[in-house]
Amino acid sequence: MELYSGYINRLIEELSRLPGIGSKSAQRLAFYLISMPEENVERLATTMVDTRKNIRYCSKCYTLTDHEMCPICSNEKRDKKTIMVVETPRDLAAYEKTGRYEGVYHVLHGAISPMLGIGPNDIRLKELMQRLQEDVDEVIIATNSSLEGETTAMYISKLIKPTGIKVTRIASGVPVGGDLEYIDEVTLLRALEGRTEL
Ligand code: ZN
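Residues numbered from 1 in each chain as written. Predicted model: local features only at pLDDT ≥ 70, side-chain atom pairs only at ≥ 80, totals over all residues. Heavy atoms only, no water.

### Digging into the overall build of the protein
The number of helices and strands found in the protein is 7 helices and 7 strands. If you list the helices and strands of the protein from N to C, you get α-α-α-β-β-β-α-β-α-β-α-β-α-β. Projected onto its principal axes, the C-alpha coordinates of the protein cover approximately 65 × 35 × 35 Å. Looking at the protein as a whole, 38% of its 198 residues are labelled buried. Split by element, the accessible area of the protein, about 12,300 Å² in all, is 54% carbon and sulfur. Placing the 25 positive and 29 negative side-chain charges of the protein at their respective mean positions leaves the two points 2 Å apart. (Helix = DSSP H or I, 4+ residues; strand = E, 2+ residues; numbered from the N terminus. Buried < 20%, exposed > 50% of the residue type's maximum accessible area, 1.4 Å probe, protein only. Areas by Shrake-Rupley, 256 points an atom, 1.4 Å probe, with all protein chains shown as cover. Lys, Arg positive; Asp, Glu negative; His and termini not counted. Charge placed at Lys NZ, Arg CZ, Asp CG, Glu CD.)

### Comments concerning a nonpolar patch on the surface
A cluster of nonpolar side chains, Ile55, Tyr57 and Leu64, forms an exposed patch at the surface whose accessible area comes to about 260 Å². Position of Tyr57 relative to the elements: it lies in strand E1 (residues 56–57). (Patch = residues over 30% accessible without salt bridge, like charges linked within 9 Å, V, L, I, M, F, W, Y side chains within 5 Å. Salt bridge = Lys/Arg side-chain N within 4 Å of Asp/Glu carboxyl O.)

### Observations regarding the side chain of Asp91
By secondary structure assignment, the location of Asp91 is in helix H4 (residues 89–98). Of the side chains with opposite charge, Arg90 lies nearest to the buried Asp91, which makes no salt bridge, at 5.9 Å. A polar contact of 3.5 Å, which involves the side chain of Asp91, links it to the backbone nitrogen of Glu87. (Polar contact = N/O pair within 3.5 Å; in protein donor to acceptor, adjacent residues only side chain to side chain.)

### Notes on the coordination of the zinc ion
At the metal site, the zinc ion is ligated by Cys58 (SG), Cys61 (SG), Cys70 (SG) and Cys73 (SG), and these contacts range over 2.3 Å. Every donor counted, the 4 donor atoms about the zinc ion form angles of 105 to 117° at the centre, which fits tetrahedral coordination. All donors of the zinc ion belong to a single chain; written as a sequence motif, their spacing is C-x2-C-x8-C-x2-C. Note that Cys58 is positioned in the loop between E1 and strand E2 (64–65) and Cys73 in the loop between E2 and strand E3 (79–86), a separation of 15 residues in sequence. (Donors = N, O, S within 2.8 Å, 3.2 Å for Na, K, Ca; no water. Tetrahedral: all angles 85-135°; square planar, octahedral: opposite > 155°, others 65-115°.)

### Re the pairing of E3
Relative to strand E4 (residues 103–107), E3 runs parallel, the two sharing 5 bridges. Bridging across to E4, Ile83 finds its partner in Val104. At this point the chain moves from E3, through H4, to the parallel E4, and the crossover so formed is right-handed. Bridge analysis of E3 against strand E5 (residues 138–141) gives 4 bridges, and the strand direction is parallel. Among the inter-strand pairings, Thr82 is bridged to a residue of E5, identified as Glu138. (Pairing = 2+ DSSP bridges. Right-handed = clockwise from strand over helix to strand, strands pointing away.)

### A few points about the side chain of Glu138
Checked against the element boundaries, Glu138 lands in strand E5. When its relative accessible area of 8% is taken as the criterion, Glu138 is described as buried. Within the structure, Glu138 has its side chain in polar contact with the side chain of Thr168 (distance 2.7 Å). Not counting chain neighbours up to four residues away, the residues in contact with Glu138 comprise Lys81, Thr82, Ile83, Ile165, Lys166, Thr168 and Arg195. (Contact = heavy atoms within 4.5 Å.)

### Comments concerning the environment of Cys61
Structurally, the position occupied by Cys61 is in the loop between E1 and E2. For Cys61, a relative accessible area of 1% puts it in the buried group. Contact partners of Cys61, with chain neighbours within four places excluded, come to Cys70, Cys73, Tyr105, His106, Val107 and Arg131.

See below:
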């Protein structure tokens, strides 16, 4: 596309790499950015770079944070003996929003998917097993109810069973394949309270 100058073309190209941004949206965003006051563009760019540079994984639960440990893991009031396993930091945020879960989390950063070639070693499973050497009463598996989420839940439960730690699965009722993030808090709470032992 040689309609615009090299700079604009590059900006459009970079923006169109973002998820959900097609070439039309990328053009619209590019022209919007160009029309913004320079200091606002600078602030946006700096925020993006700073965030990317300073973000890291919590050394316990592997959610994204800017400290060694996330606020949940470093909160003394949280019950460290109950670990809820979720696929993404967004799922963690969804459960946190209910305000009723008092345990801690473990973020897998994905789910096992033979179809996509994602195996147990490609998610933070080893790290979960390491945590179970500490004093843990229950592991709640809250992966999505998609095929990948169910496969992952089965795999984890088989892995944990021999340790004697209680393993539960959140109740279905969470729509199949539904992103936990978009499910309302009442549904999440019901799924959590109705969890069953695996
Ligand atoms: Zn943490």
